[in-house]
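Summary of structural features
As a plain string of letters, each chain reads:
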Amino acid sequence: MKALLKDKVLLDDAIAEFTENIHKNYPGIKIKTIPTIEDEDLAIEVAVPSRFSSEEVEDGCHKECIKIEDKYDVYILPLVVKQ
């Protein structure tokens, strides 16, 4: 049971850090969790306002996910869509 709680805390910390950093770099972006697609720990949808390039945001999300994976050993799959 403690291992599951620890995993939940790690996932929560990873999500919080990812969300904070993406919002800092791209204000106005909306982030929500979505059902996982493959074997990732979490899938998220990142809705991009028209003032940002989807490609730029997607690249930024992937870089942030790599940092998160290295730090927390949590795999997040970001799916970037236009608002």
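Residues numbered from 1 in each chain as written. Predicted model: local features only at pLDDT ≥ 70, side-chain atom pairs only at ≥ 80, totals over all residues. Heavy atoms only, no water.

In terms of regular secondary structure, the protein is built from two helices and three strands. Across the protein, helices and strands are ordered from the amino to the carboxyl terminus as α-β-β-α-β. Whereas a compact globule of 83 residues would reach a radius of gyration of roughly 12 Å, the protein reaches 13 Å, a difference of no more than 12%. C-alpha atoms of the protein, sized along the principal axes, occupy 45 × 25 × 15 Å. Of all intrachain contacts in the protein linking residues separated by at least 6 positions in sequence, the fraction that spans at least 24 positions is 61%. Element-wise, carbon and sulfur atoms account for 54% of the exposed surface of the protein, whose accessible area totals about 5500 Å². Averaging the locations of the 11 positively and 18 negatively charged side chains of the protein gives two centres separated by 7 Å. (Helix = DSSP H or I, 4+ residues; strand = E, 2+ residues; numbered from the N terminus. Rg over C-alpha atoms; globule rule 2.2 N^0.38 Å. Contact = heavy atoms within 4.5 Å. Areas by Shrake-Rupley, 256 points an atom, 1.4 Å probe, with all protein chains shown as cover. Lys, Arg positive; Asp, Glu negative; His and termini not counted. Charge placed at Lys NZ, Arg CZ, Asp CG, Glu CD.)

On to the pattern of salt bridges. Going through the model one piece at a time under the given rule, you end up with five salt bridges. A salt bridge links K71 to E17, with the nearest nitrogen and oxygen atoms 3.0 Å apart. With a gap of 54 residues between them, K71 in helix α2 (residues 54-72) and E17 in helix α1 (residues 2-25) connect regions that are remote in the sequence. With a closest N to O distance of 3.8 Å, K32 and E45 form a salt bridge. Remark: E45 occurs in strand β2 (residues 42-48) and K32 occurs in strand β1 (residues 30-34); sequence separation between them is 13 residues. (Salt bridge = Lys/Arg side-chain N within 4 Å of Asp/Glu carboxyl O.)

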